[in-house]
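Structural description and commentary
Okay, here's what each chain looks like letter by letter:
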Amino acid sequence: VYTATPGLNPRERFREAVKRLETGEHGQAKAELNALIAEQPDSRRALGLLEQIEKPIEEYFPAADSFTVTVMTGESLSTLAQTFLGDALKFYALARYNGIENPSQVSVGQSIKIPQTPATLAARDARARGETA
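Everything in this summary refers to the structure shown in the same document. Quick caveat: nothing in here was measured; it's all calculated off a predicted structure. (Residues numbered from 1 in each chain as written. Predicted model: local features only at pLDDT ≥ 70, side-chain atom pairs only at ≥ 80, totals over all residues. Heavy atoms only, no water.)

Core analysis: the largest hydrophobic core is formed by 28 residues, its most contacted members being L77, L80 and I112. For this core, the secondary-structure elements that each account for two or more residues are α1 (10-22), α2 (26-39), α3 (44-54), β1 (66-70), α5 (77-85), α6 (91-97) and β2 (111-115). Setting aside anything within four residues of it in sequence, one finds L77 in contact with F91, L94, A95, I100, P103, V106 and I112. Residues I57, F61, A93 and Y97 belong to the second largest nonpolar core, which totals 5 residues. (Core = buried A, V, L, I, M, F, W, Y, C linked by side-chain atoms within 4.5 Å. Buried < 20%, exposed > 50% of the residue type's maximum accessible area, 1.4 Å probe, protein only. Helix = DSSP H or I, 4+ residues; strand = E, 2+ residues; numbered from the N terminus. Contact = heavy atoms within 4.5 Å.)

Below, the structure written as structure tokens:
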């Protein structure tokens, strides 16, 4: 049974939830997010992270097609999520999509599967040309 950390303000609680997701502790992250949402029911960021935990990944990324990118120096699932999905906080969904239990353990040279959409293909092409968002 997971319980939210006592005494945190909403900002601290959100950071704690992200930290827990980065290390694959989705149970504790979910407890923190539920406590935050109880306090701030309209928190889009908290609701978005909770959706990444709870929604089946095949519904979150329904496209059957994907392409692979190789993690380069200085990249993480957060930077890849920002580049390809337009939101660094989608790192946890990207981790789940790739079967990665601990998102902080991604390493240079690792192959990461990206769901294929027109936006992700455009980002892939821009990345190949050395362009940054």
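This is not the end of the story, as more comes after the structure.
Our focus in this paragraph is the packing of α1 against α2. One can describe the packing of α1 onto α2 by two numbers: an axis separation of 8 Å at closest approach and a directional angle of 155°. Accordingly, the angle class assigned to the pair α1 and α2 is roughly antiparallel. Relative to α2, the crossing made by α1 is left-handed. Packed against α1, whose contacting residues are P10, R13, F14, E16, A17, R20 and L21, the element α2 presents H26, Q28, A29, E32, L33, A35, L36 and E39 at the interface. (Axes fitted to C-alpha atoms, helices over the stretch in contact; angles between N-to-C directions. Parallel < 35°, antiparallel > 145°, perpendicular 65-115°, else oblique. Left-handed = near helix turned anticlockwise from the far one by under 90°.)

A few words on the packing of α5 against helix α7 (residues 118-128). At a minimum axis distance of 8 Å, the contact between α5 and α7 shows a crossing angle of 110°. Considered as vectors, α5 and α7 are oriented roughly perpendicular to each other. Contacts between α5 and α7 pair L80, T83, F84 and L85 from the former with T120, A123, R124 and R127 from the latter. In terms of residue class, the contact of α5 with α7 is built from 4 nonpolar, 2 polar and 2 charged. (Nonpolar A, V, L, I, M, F, W, Y, C, P; charged D, E, K, R; others polar.)

Time to look at the environment of A31. If you trace the backbone, A31 turns up in helix α2. C-alpha separation for the pair A31 and T3, spaced 28 residues apart in sequence, amounts to 5.5 Å. With residues near it in sequence (within four places) discarded, A31 still touches Y2, T3 and A4.

The next subject is the packing of aromatic side chains. Under the definition given, this model contains 3 aromatic pairs. With a centroid separation of 5.9 Å and 65° between ring planes, the pair formed by F67 and F84 is classed as edge-to-face. In this pair, F67 is assigned in strand β1 and F84 in helix α5, connecting sequence segments 17 residues apart. Cluster of aromatic residues (ring-pair linked, three or more members): Y60, F61 and Y97. Sitting above the plane of the F14 ring, R45 keeps its charged end 4.0 Å from the centroid. (Phe/Tyr/Trp six-rings, centres within 6.5 Å; stacked < 30°, edge-to-face > 60°. Lys NZ or Arg CZ within 6 Å of the ring centre and 35° of its normal.)

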